[in-house]
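What follows is each chain in one-letter form.
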There are 2 protein chains.
Amino acid sequence: MPEDSDKRPLTPSDRRILRVVQEEGRITNAALAEKVGLAASPCLRRLKALEEDGIVAGYRAVLDRKALGYAIEAFVLVKLEQSEPGWRTRLIERLNAFEEVLACYAMAGEIDLLIHVVAQDMDAFGEFSMNRLLTLPGVADVRSSFVLSTITPPRGLPIPD
Amino acid sequence: MPEDSDKRPLTPSDRRILRVVQEEGRITNAALAEKVGLAASPCLRRLKALEEDGIVAGYRAVLDRKALGYAIEAFVLVKLEQSEPGWRTRLIERLNAFEEVLACYAMAGEIDLLIHVVAQDMDAFGEFSMNRLLTLPGVADVRSSFVLSTITPPRGLPIPD
DNA sequence: AGTGAAATGACCATAAT
DNA sequence: ATTATGGTCATTTCACT
């Protein structure tokens, strides 16, 4: 039922625009136009169209995790119990309410959920994991894997030609 | 040895700015100033300072993965072999060269690397995983976990008061 | 191309140290 | 007094029609 509205094919200009704004989200339209080799006016129209179509879903500042005091970054692997219908909605709400959750994915296979998390320190992480995650209704087990270093920092999707 | 230069404490205004730009990275300075209750000029000065200090590391447009034709999103768990010094640098280079890698983390514990990946379809994913990842020198084993749905879409860090 | 809005920098005010 | 904050205004640049 959720249908991909209309997949207008991307023009080469669109692709160039996407490549740039994915890396420099706050670039001015004037500078963007120059980079992609368009005049300002058509460049802005294309960017707006990409936003309109949801291809550009939004813009975010990327903040420095450590500078903000989050020493711990981890991925938490969650197994769920077989449970009543409706668990999903409630669980999503509860998870989204945890500020330390950066992202959460429902997965195929052994692990049911993969949760990307930050915490100020190990104590805070332990409190989150033990007292808040594990006690959620439907959660059977949690296992945590800690990030030692970021080899490839989060970056954009490839934009094929 | 890379030391956190100077941790200027964040003012309440800084925090408000960070909360906003993390969600609306392309907001105009004028609108940002209004939202955080500052005049345009000091607001811009603070934002620039936050960028200067690396607290704001950059800005990115968030693109729609499916709209761009990536049906597959997965996390690949990699185990490495004991290997010669210098493996790390070479491996990082090789990994970064793969466009389908959205992020890659060195992890503590059983799994050595966690790689966030997209692919157009299963064929493309298989080709990447089998022919390109697994054949990298030093890679002992890869296991893939596929994303079924995104429960909490990637969002910003919590900014405490 | 033109008009209104935004960005940017020079300068001032106030308060806390 | 110095430092750190915010404000006002004038000029340049940009967004958008």
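Because the structure is predicted, anything quoted here is derived from the model rather than measured. (Residues numbered from 1 in each chain as written. Chains lettered and ligands numbered in written order. Predicted model: local features only at pLDDT ≥ 70, side-chain atom pairs only at ≥ 80, totals over all residues. Heavy atoms only, no water.)

Engineer: What is the right way to read the environment of A:Val76 from this model?
Structural biologist: With respect to the helices, strands and loops of the structure, A:Val76 is situated in strand S2 (residues 72-80). A:Val76 sits in the buried class, given a relative accessible area of 0%. (Helix = DSSP H or I, 4+ residues; strand = E, 2+ residues; numbered from the N terminus. Buried < 20%, exposed > 50% of the residue type's maximum accessible area, 1.4 Å probe, protein only.)

Engineer: Can you walk me through the sheet that holds strand S5 (residues 139-152) of chain B in this structure?
Structural biologist: Sheet strands pair by backbone hydrogen bonding; their relative direction is either parallel or antiparallel. One closed barrel holds the eight strands; their spatial order is S2(A)-S4(A)-S3(A)-S5(B)-S2(B)-S4(B)-S3(B)-S5(A), and the pairing between them is antiparallel. Across the sheet, the mean angle from the axis of one strand to that of its neighbour is 40 degrees, orientation sign disregarded. Pairing analysis gives seven bridges linking S2(A) to strand S5 (residues 139-152) of chain A, with the strands arranged antiparallel. Residue pairing in the sheet places A:Leu77 in a bridge with A:Arg143 of S5(A). (Pairing = 2+ DSSP bridges. Axes fitted to C-alpha atoms, helices over the stretch in contact; angles between N-to-C directions.)

Engineer: Explain the protein's contact with DNA strand D to me, please; I cannot follow it from the model alone.
Structural biologist: Close to DNA strand D lie 14 residues, the nearest being A:Asn29, B:Ser13, B:Ala39, B:Arg45 and B:Arg46. Take the atoms of DNA strand D that sit within 4 Å of the protein: sugar and phosphate atoms are 72% of them. For DNA strand D, a phosphate oxygen lies 2.6 Å from a polar atom in the side chain of B:Ser13. At a separation of 3.1 Å, a base oxygen of DNA strand D approaches a polar side-chain atom of B:Ser41. Going through the elements one at a time, helix H2 (29-36) and helix H3 (40-52) of chain A together with helix H3 (40-52) of chain B are the ones with two or more residues in the surface near DNA strand D. Among the elements that take part in the surface near DNA strand D, H3(B) stands out by supplying four residues, more than any other. For the surface near DNA strand D, the per-class residue count stands at five nonpolar, six polar and three charged. (Near = heavy atom within 4 Å. Polar contact = N/O pair within 3.5 Å; in protein donor to acceptor, adjacent residues only side chain to side chain. Nonpolar A, V, L, I, M, F, W, Y, C, P; charged D, E, K, R; others polar.)

Engineer: Would you explain the packing of aromatic side chains in this entry?
Structural biologist: Both the distance between ring centres and the angle between the ring planes are used here to describe each pair of aromatic rings. Considering all chains together, one arrives at seven aromatic pairs over all chains under this definition. Relative to A:Phe146, the ring of A:Phe125 has its centre 5.0 Å away and its plane inclined at 70 degrees; by these criteria the two rings are edge-to-face. Taken together, the residues span a long stretch of sequence, with A:Phe125 in helix H5 (residues 122-133) and A:Phe146 in strand S5 at a distance of 21 residues. Residue A:Phe146 is classed as partly exposed on the basis of its relative accessible area of 23%. Following the ring pairs from residue to residue traces out a cluster consisting of A:Phe75, A:Tyr105, B:Phe75 and B:Tyr105. Positioned above the aromatic ring of B:Tyr59 is the side chain of A:Arg26, whose terminal nitrogen or guanidinium carbon lies 5.4 Å from the ring centre. (Phe/Tyr/Trp six-rings, centres within 6.5 Å; stacked < 30°, edge-to-face > 60°. Lys NZ or Arg CZ within 6 Å of the ring centre and 35° of its normal.)

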